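The lines below spell out each chain.
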Amino acid sequence: MQRTDIANPAYFHKVVDCQYACPAHTPVPEYIRLIAQRRYGDAYMVNWVSNVFPGILGRTCDRPCEPACRRGRVEETNAQAPEPVAICRLKRVAADMKEDVRARMPAIAPRNGKRIACVGAGPASLTVARDLAPLGYEVTVFDEGAKAGGFMRTQIPHFRLPESVIDEETGYILDMGVAFRSEQRVGSMKALMAEDWDAIFVGCGAPRGRDLDLPGRQEAAASIHIGIDWLASVSFGHVTTIGRRVIVLGGGNTAMDCCRSARRLGGEDVKVIVRSGFDEMKASPWEKEDAQHEGIPIINFHVPKAFVHEDGKLVGMRFEVVRAEYDAEGRRSLVPTGEPEVLVECDEVLVAVGQENSFPWIERDCGIDFDKWGLPVLDAKSFQSSVPNVFFGGDAALGPKNIITAVAHGHEAAVSIDRLLNGESVTVRPPPMTNLVSQKMGIHEWSYDNDTSNDLRFRVPWAEAEKALASIRVEVELGFDAATAFKEAQRCLNCDVQTVFTESTCIECDACVDICPMDCISFTDNGDEAQLRARLKAPALNEDQDLYVSARLKTGRVMVKDEDVCLHCGLCAERCPTGAWDMQKFLLKTTPAGPQSRDARIAAKEGVPA
């Protein structure tokens, strides 16, 4: 194998698994260390720069960072399965315990004469506004709702996300001079284009819930509700009660929000029924656990066949029982078991079987191309449509995802808009800003705490069940207190503090090999990757994580390190008699919209170091 190029930002970025997995590339270990130091405001601002909504996401994020967390791969315990650091809930700690950060928000540049229209006031549009308004752009956000937030406000129940948190974090953005046109639905893209905006960003979400066209649907329509529409009605206070017996159809997070909301509005017998297996449900594992914790059963492998009614009054649903079968390629099909159909009695049904994009306000002859699924045809990196100054993001771009993905889209679209309006190519993307700094403070001292905590993951306390289930507005999760937050933060392995190897000072004494607690360092003859992975001191089995390979050493061997299971404990650097190993903090920040992103890219194109 060739010597690893650690100067390439992508290499160490991939080693920081949590940040690499985050769509917005939030520097997770950086803010977790700040939380451990009780520097909550600093931790909040580190989050805010990249994910924009730390308080919201600290309660609702889909947490792609946590399955990637190295802690979940190296922790060994007989008590329970290894668990990652509670990254999401630590984000909430920074939001809840910070001081007033309004004075730390970006300064606003003088107006530059360029006008941007954002359709929808959800996370994607608000991210575009947050990135462009400080640069002097005149940003106007249109939304049919009275307040900003989009589906964060209307689709996430208040017992998970209090309105005060949404008000605070959308307020930071609107206070940057962003014009918010509330209760103003955009009805025509052609009309919007005629208003001579310099750029238009569409972040209106995926506002249409899928329905089920089954026998009895029309006759019993009064008791059958589309999940996302019903949640919005609950959020606005239009719906305050529900029938005693409730069926929720669907296995995603919306279904979990529906069933838990129904439980709080008077549903005594609430069931979730899905056609897939329990493990195949799209809902996040913790969302399913929360529903079950509140006494809501999840019945799987039941395919809905009909709504049963008596003279228009819904009385139940019929289901076919199926099982999963897999072919030689692993493709699943649901096969009837032959058992009799099951009748489940109910008073109301909430249909949460998916969402679709709906753009009735975008005329098909306005120049914007759509694919066969009704999604806009976009450049994958810039989010630019077939009309050069029209961009999409969030659910409106690629279909329903989650808040953090919408934020990531907003950042990218903002870079594209800024480049377009400054005469730059939108397909050329600015490189990230990185640095690599030694953490050495003495012979055996580092500027970070490199002790490895043996604590298991700490549980977030909940409000008392009787109190929580009595109101749709009582927040269920109470969040970590400062002491527990510190202990949970100590579980972080500081994966951004990298083990950096210098060949010229290595004497090949193998002291680092002897002291490594994970057996992830080997000195061996070079070879192709498959050979090296198999003959290291401990075989490197995770091919998704790269090997760290040195240049040829004096004996002809190479140093090979398996990055997958490294604890970043620094023992190799402490033991090395020549300082060939060092612990260096790697910090990566994606380059935001603005002169920095343009200048950095221009410099790179001309071969000048940025």
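The numbers attached to residues start from 1 for each chain and follow its sequence in the written order. Owing to the predicted nature of the model, reporting of local features is limited to residues with pLDDT of at least 70; listing and counting of side-chain atom pairs is limited to 80 or more, with chain, interface and lining totals taken over all residues. For the side-chain quantities, the full set of heavy atoms in the structure was used; hydrogens and water were omitted.

## A word on the packing of helix α4 (residues 40-51) against helix α17 (residues 403-420)
The relative placement of two packed helices comes down to the angle between their axes together with the axis-to-axis distance.
Okay, step 1: Direction vectors running N to C along α4 and α17 enclose 70°, while the axes themselves pass 9 Å from each other. Relative to α17, the element α4 lies roughly perpendicular. When α4 is examined against α17, the residues Val49, Ser50 and Asn51 are found in contact with a partner set consisting of Ile404, Val407 and His411.
Okay, step 2: The nonpolar class holds Ala, Val, Leu, Ile, Met, Phe, Trp, Tyr, Cys and Pro. Asp, Glu, Lys and Arg form the charged class, and all remaining residues, Gly among them, are polar. Counted by class, the contact of α4 with α17 contains three nonpolar, three polar and no charged residues. A fitted line through C-alpha atoms serves as each axis, taken over the contacting stretch for helices, and the angle formed by two N-to-C directions is quoted from 0 to 180°. Elements are defined by DSSP. Helices are runs of H or I of four residues or more, strands are runs of E of two residues or more, and each kind is numbered from the N terminus. Any angle from 65 to 115 degrees is called roughly perpendicular, while one under 35 is roughly parallel, one over 145 is roughly antiparallel, and all others are oblique. Contacts between residues were defined by any pair of non-hydrogen atoms, one from each residue, lying within 4.5 Å.

## What about the layout of surface pockets?
Okay, step 1: A cavity here means a set of 1 Å grid points, computed over protein atoms only, where a 1.4 Å probe fits but cannot escape. A pocket is an open set with protein on both sides within 12 Å along at least 5 of 7 lines, and lining residues have an atom within 4 Å of a point. Grid points are joined across faces, edges and corners, and a volume is the space filled by probe spheres set on the points. Its boundaries defined by the atoms lining it, the second largest pocket holds a volume of some 950 Å³.
Okay, step 2: Lining of the second largest pocket is provided by 38 residues; of these, Ala24, Lys589, Thr590, Thr591 and Pro592 occupy positions nearest its centre.
Okay, step 3: Mapped onto the lining of the second largest pocket, the elements with two or more residues apiece are α1 (9-15), α4, α9 (123-132), α17 and β24 (581-589).
Okay, step 4: Here the lining of the second largest pocket gets five residues from one element, more than from any other, and that element is α17.
Okay, step 5: A breakdown of the residues in the lining of the second largest pocket according to their chemical character gives 23 nonpolar, eight polar and seven charged.

## What about α9?
Okay, step 1: Most of α9 sits out of view: 10 of its 10 residues are buried.
Okay, step 2: With a 1.4 Å probe rolled over the protein chains alone, any residue whose accessible area is under 20% of its type maximum counts as buried; one over 50% counts as exposed, and the rest are partly exposed. For α9, the set of buried residues is Pro123, Ala124, Ser125, Leu126, Thr127, Val128, Ala129, Arg130, Asp131 and Leu132.

## Brief notes about the packing of aromatic side chains
Okay, step 1: Stacked, tilted and edge-to-face are the three classes applied to pairs of Phe, Tyr and Trp rings, where Trp contributes its six-membered ring and a pair requires centres within 6.5 Å; stacked means planes under 30 degrees apart, edge-to-face means over 60, and tilted covers the rest. Using the criterion set out here, one finds 10 aromatic pairs in the structure.
Okay, step 2: Residues Phe12 and Tyr548 carry aromatic rings whose centres are separated by 6.4 Å and whose planes lie at 90° to one another, so their mutual orientation is edge-to-face. Of this pair, Phe12 sits in helix α1 while Tyr548 sits in strand β22 (residues 547-549), and the two are 536 residues apart along the sequence.
Okay, step 3: For Phe12, a relative accessible area of 0% corresponds to the buried category.
Okay, step 4: Judged by relative accessible area, which is 3%, Tyr548 ranks as buried.
Okay, step 5: Seen from their ring centres, Tyr44 and Tyr172 are 6.4 Å apart, and the 75° between their planes marks the pair as edge-to-face. With Tyr44 in helix α4 and Tyr172 in helix α11 (residues 163-174), this pair connects stretches of sequence that are 128 residues apart. Note on accessibility: Tyr44 and Tyr172 belong to one class, buried.
Okay, step 6: Here the aromatic residues Tyr11, Phe12, Tyr548 and Phe586 are joined through ring pairs into a cluster of three or more.
Okay, step 7: In our convention, an over-ring charge means Lys NZ or Arg CZ found within 6 Å of a ring centre and within 35 degrees of that ring's normal. Between the NZ or CZ atom of Arg130 and the centre of the ring of Trp48, over which it lies, the distance is 4.1 Å.
Okay, step 8: It is Lys288 that lies over the ring of Phe278; its NZ or CZ is 4.2 Å from the centre.

## Things to note about the pattern of salt bridges
Charged atoms that come close allow side chains of opposite charge to pair.
Okay, step 1: Basic side-chain nitrogens of Lys or Arg form a salt bridge, by our definition, when they fall within 4 Å of a carboxyl oxygen of Asp or Glu. If you walk through the whole model with that rule in mind, you get 54 salt bridges.
Okay, step 2: Between Glu477 and Arg89 there is a salt bridge, with its nearest N and O atoms 2.8 Å apart. Taken together, the residues span a long stretch of sequence, with Glu477 in the loop between α18 (465-468) and α19 (482-489) and Arg89 in helix α8 (residues 87-97) at a distance of 388 residues.
Okay, step 3: Note on Arg89: relative accessible area 8%, which makes it buried.
Okay, step 4: Between Asp100 and Arg102 there is a salt bridge, and its shortest N-O distance comes to 2.6 Å.
Okay, step 5: For Asp100, a relative accessible area of 48% translates into the label partly exposed.

## Side note on the sheet that holds strand β9 (residues 298-299)
Okay, step 1: Read from one edge of the open sheet, five strands run β6-β14-β7-β8-β9, paired in parallel fashion. Both outer strands of the open sheet, β6 (224-226) and β9, are each paired with one neighbouring strand and no more.
Okay, step 2: In the sheet, strand β7 (residues 245-249) pairs with strand β14 (residues 348-351) via four bridges, with the strands oriented parallel. Bridge pairing links Val248 to Leu350 in β14.
Okay, step 3: Sitting on the sheet, helix α13 (residues 227-235) is in contact with β6 and β14, with an inclination near 90° to β6. Any two strands with at least two DSSP-identified bridges between them are counted as paired.

## A look at the state of the cysteines
Okay, step 1: The rule for a disulfide is simple: a pair of cysteine sulfur atoms within 2.5 Å. Throughout the structure, instances matching the rule amount to zero disulfides.
Okay, step 2: Of all cysteine sulfurs in the structure, the one in Cys495 sits closest to Cys492, which takes part in no disulfide; the separation is 6.2 Å.
Okay, step 3: The thiol of Cys512 is unpaired, and the distance to the nearest cysteine sulfur, on Cys509, comes to 6.5 Å.
Okay, step 4: Given a relative accessible area of 7%, Cys512 falls into the buried group.

## Quick notes on empty space enclosed by the protein
Regions of empty space are outlined by a rolling probe, equal in size to a water molecule, passed over the atoms.
Okay, step 1: Applying the stated criterion across every chain, the model contains eight cavities of 30 Å³ or more.
Okay, step 2: By volume, the largest cavity amounts to about 150 Å³.
Okay, step 3: Lining the largest cavity are 16 residues, and of these Arg59, Arg89, Arg160, Asp290 and Glu477 lie nearest its centre.
Okay, step 4: Tallying contributions element by element places helix α15 (residues 285-293) first for the lining of the largest cavity, with three residues.
Okay, step 5: Here the residues of the lining of the largest cavity sort into five nonpolar, one polar and 10 charged.

## Some details on α17
An α-helix turns once per 3.6 residues; consequently, residues spaced three or four apart project the same way.
Okay, step 1: The span you would expect from a helix comes to 1.5 Å times its residue count less one. For α17, spanning 18 residues, the distance from its first C-alpha to its last is 25 Å, which sits close to the expected 26 Å at 1.5 Å a residue.
Okay, step 2: Most of α17 is tucked away, with 16 of its 18 residues classed as buried.

## Things to note about the confidence of the model for the chain
Okay, step 1: Confidence along the chain averages 93 in pLDDT terms, with 97% of residues attaining 70 or more.
Okay, step 2: Contacts of residues 600-610 to residues separated by more than four positions or lying in other chains number 12 contacts, the stretch itself having pLDDT below 50. Every residue is assigned a pLDDT by the predictor, reflecting its confidence on a scale from 0 to 100.

## Side note on the side chain of Arg59
Okay, step 1: As for its placement among the helices and strands, Arg59 is situated in helix α5 (residues 54-60).
Okay, step 2: Polar contacts, as used here, are pairs of N or O atoms within 3.5 Å; protein pairs need one atom able to donate a hydrogen and one able to accept it. Residues neighboring in sequence count only if both atoms are side-chain atoms. Polar contacts involving the side chain of Arg59 include one to the main-chain carbonyl oxygen of Gly55, which spans 3.0 Å.
Okay, step 3: For Arg59, the side chain forms a polar contact with the side chain of Asp96, separated by 3.1 Å.
Okay, step 4: With near-sequence residues (within four places) excluded, Arg59 lies in contact with Cys88, Arg89, Arg92, Asp96, Arg160, Leu161, Pro162, Val165 and Glu475.

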